[in-house]
Number of protein chains: 2
Amino acid sequence: MNRYEEAELQLEMEKVEQELSDYLRDPGYGNAVGRILRDLGESRGKRLRPRLLLMAGRYGPLFPDVRDRLCRLAALVELVHMASLVHDDIVDDAPLRRGMPTTQAKYGKDMAVYAGDLLLSRIVQSLFRDGFGSVGAFFGQTVETMCLGELGQMECRFREDVTVRQYMENIYGKTAALCRLACLAGAAESGCSGEVQTRLEELGINFGYMFQIRDDLLDFTSDAAREGKCTHMDFREGILTLPVLYAMENEDARPGIVCLIREAKAGRFDENQAKRLAELVTSSGGLRRAAEDMEMYAERALSAVGNLPDHGVSDVFRRLLQTKRSACNAS
Amino acid sequence: MNRYEEAELQLEMEKVEQELSDYLRDPGYGNAVGRILRDLGESRGKRLRPRLLLMAGRYGPLFPDVRDRLCRLAALVELVHMASLVHDDIVDDAPLRRGMPTTQAKYGKDMAVYAGDLLLSRIVQSLFRDGFGSVGAFFGQTVETMCLGELGQMECRFREDVTVRQYMENIYGKTAALCRLACLAGAAESGCSGEVQTRLEELGINFGYMFQIRDDLLDFTSDAAREGKCTHMDFREGILTLPVLYAMENEDARPGIVCLIREAKAGRFDENQAKRLAELVTSSGGLRRAAEDMEMYAERALSAVGNLPDHGVSDVFRRLLQTKRSACNAS
């Protein structure tokens, strides 16, 4: 089970946390900026993207020499994620994230705009100062792709003609692009061959798709969803996820869902309607089809792992993929 | 009068416009992003920062070889300015900028958040792809400084205890830092010595201070201000500029101004109060003292030009400084 690789990864993840604390240090102006950065440092995410980067970095011949640099790069990828969340929360008007008040809720949208920009500027400074020139342009490109994904999603809101293709394009920007960057950066920094880097990028992209579809499925299958708790936030905001889009391809379910979209748009989406949505998405086979897609992307990611050179970390990758996928299947 | 240098600069500025059009090209997704970028391309600013960069670039020995690269860098500096305006307009809730609707007014705050991020990401991509490694970190640092300036200004809003020192710190971030970057980037890219680069940075900083104080003075001395037109937007939003801060140092004027700040905070600042503010700022000597400061920074900038090696463009710099300063003195 490669306990050794797991333990090594754990040590590196602690180093990543240290790096994050450094990046999120208070600039010492005695104002809100310092408090915002400290809050961000305290909000502990799953750190999936840094983990992907560190795992990818093991396949390159330079790995032993660039271990510390990989930890720093991993922190930078997580910072890109944080900065994007700070700006996304403004747009979504989100009160909470991981159970903590969001920057925009606690300090106002105005502060959140600049706090996100500040994080981005620190990432850029580190990319140049620490000589990450070979991957720097990809960081920039990824941020552009992420913006286009969020903008695309915003333009699709409440639109009854959104296609699965548009959804996939949007989640590529929202989630898959940064997972790809994590794998690409780990591969490039550790000197992987072009072939290995391509496999790792494939892994990242498919992991990202799987992860986002899983998130969208959990909105229907989690315990909270079953108990009718505050779910379907996406639907309330007009974002049609994969289970809903597949359900709309079913002629019997479509009119009912269109009706619910209009109710949501008018701000009249209550618990009864949430139940109705869940029924339609289930009975139409939308949920099943989305789950099948998630499986397909998980298989693709596993196949990319299989095509990588033999390495102890491959099993860790496989276990990570299985954990994420089964969290959903169990429900 | 160095018509030659002026004409050469004009040709390069046309090249800068072409570069800007390339950066602001529609990514071709057929959505609002393309329209936002096109609008930004059409809103013609004064392009002061690119001009500073091109002028600074003339003092380096590599100038003839890096002319095209300077034009690209100059476009990047202008893009930083544009991105910051897009995000500032969200915070200020500004309906117009240069007579055109702002991105946030026309497309909504949400779109404006991502449009600004998209611009920043394109800047980063170009800095890496075009090999601007030597100045890249300064771009990142400058964006951080600009954020801190805007955040600082936000925290000072409606506060009766704001000091001239805080005002100077904030306008360093708002305006002077990017003028400094323009001069620094031109100097570094054209291979100026450390000594010459330092003089050019001094010039940029003092030009920036002068320019911002001039702007703040014009809010009281322009024709629009005299006619009682929609002025004192800063004061309405709680931002206390240098003429106001100096007026508050006068014991006779202070109580009246404090009263007006409270009225503005309560959203009750009308034309009569604008008149009263102008009277207090004038009678207390606040306007005169701010104008003296502007003169001081203009002199410092001129002195930095005087300490530069002999070059035809020095006269163009002097003329630019005189034009900006006299636009204010004439009133």
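Just above sits the structure.
Residues numbered from 1 in each chain as written. Chains lettered and ligands numbered in written order. Predicted model: local features only at pLDDT ≥ 70, side-chain atom pairs only at ≥ 80, totals over all residues. Heavy atoms only, no water.

Novice: If you had to explain the relation of the copies chain B and chain A to someone new, which residues and values would you point to?
Specialist: Its rotation angle being 180 degrees, the transformation that places chain B on chain A also includes 0.0 Å of axial translation and leaves an RMSD of 0.0 Å. Here the copies are linked by what is in effect a two-fold axis. Both copies share a contact surface, since 100% of the interface residues of chain B are interface residues in chain A too. (Least-squares fit on C-alpha atoms with pLDDT ≥ 70 in both. Contact = heavy atoms within 4.5 Å.)

Novice: With reference to specific residues and values, describe the side chain of Gln197 of chain B.
Specialist: You can see Gln197 of chain B is positioned in helix α9 (residues 194-221). Not counting residues within four places of it along the chain, the set of residues in contact with Gln197 of chain B comprises Leu184, Ala187, Ala188 and Cys192 of chain B. (Helix = DSSP H or I, 4+ residues; strand = E, 2+ residues; numbered from the N terminus.)

Novice: Lay out unusual backbone geometry in plain terms, naming residues and giving numbers.
Specialist: Even without a glycine there, the phi angle at Phe158 of chain A is positive, about 60 degrees. Mapped onto the elements of the fold, Phe158 of chain A is located in the loop between α7 (133-156) and α8 (164-189). Despite not being glycine, Arg47 of chain B shows a phi value in the positive range, around 55 degrees. Along the chain, Arg47 of chain B falls in the loop between α2 (32-42) and α3 (48-57).

Novice: Got a sec to walk through the interface of chain B and chain A? Specific residues and values, please.
Specialist: Interfaces are often sized by the accessible area lost when the parts come together. If you look at the interface, chain B gives 39 residues, while chain A gives 39 residues. In total, chain B and chain A occlude about 3,800 Å² of area from one another, counting both sides; carbon and sulfur atoms represent 70% of this. In this assembly, chain B and chain A are joined by 2 salt bridges. A salt bridge links Glu144 of chain A to Arg122 of chain B; the nearest nitrogen and oxygen atoms lie 2.9 Å apart. Seen at the junction of chain B and chain A, the total is 15 residue pairs in polar contact (both at pLDDT 80 or more). Secondary-structure elements contributing two or more residues to the side of chain B that touches chain A are α2, α4 (63-92), α6 (109-129) and α7 (133-156) of chain B. It is α6 of chain B that contributes the most residues to the side of chain B that touches chain A, 14 residues altogether. For the side of chain B that touches chain A, a count of residues per class yields 21 nonpolar, 8 polar and 10 charged. (Buried area = accessible area lost by both parts, 1.4 Å probe. Salt bridge = Lys/Arg side-chain N within 4 Å of Asp/Glu carboxyl O. Polar contact = N/O pair within 3.5 Å; in protein donor to acceptor, adjacent residues only side chain to side chain. Nonpolar A, V, L, I, M, F, W, Y, C, P; charged D, E, K, R; others polar.)

Novice: Got a sec to walk through the pattern of salt bridges? Specific residues and values, please.
Specialist: Across all of its chains, the model carries 54 salt bridges over all chains by this definition. Between Arg67 of chain A and Glu12 of chain A there is a salt bridge, with its nearest N and O atoms 2.9 Å apart. Of the two residues, Arg67 of chain A is situated in helix α4 (residues 63-92) and Glu12 of chain A in helix α1 (residues 3-23); the sequence distance between them amounts to 55 residues. For Arg67 of chain A, a relative accessible area of 24% corresponds to the partly exposed category. Close ionic contact of Arg180 of chain B with Glu201 of chain B constitutes a salt bridge, the shortest N to O distance being 2.8 Å. Of this pair, Arg180 of chain B sits in helix α8 (residues 164-189) while Glu201 of chain B sits in helix α9; the two residues are 21 residues apart in sequence, bridging distant segments of the chain. For Glu201 of chain B, a relative accessible area of 11% gives the class buried. Through salt bridges with shared partners, one network takes in Glu5, Glu8, Glu12, Arg58 and Arg67 of chain A. (Buried < 20%, exposed > 50% of the residue type's maximum accessible area, 1.4 Å probe, protein only.)

Geometric descriptors of this kind do not, in isolation, establish any biological role.
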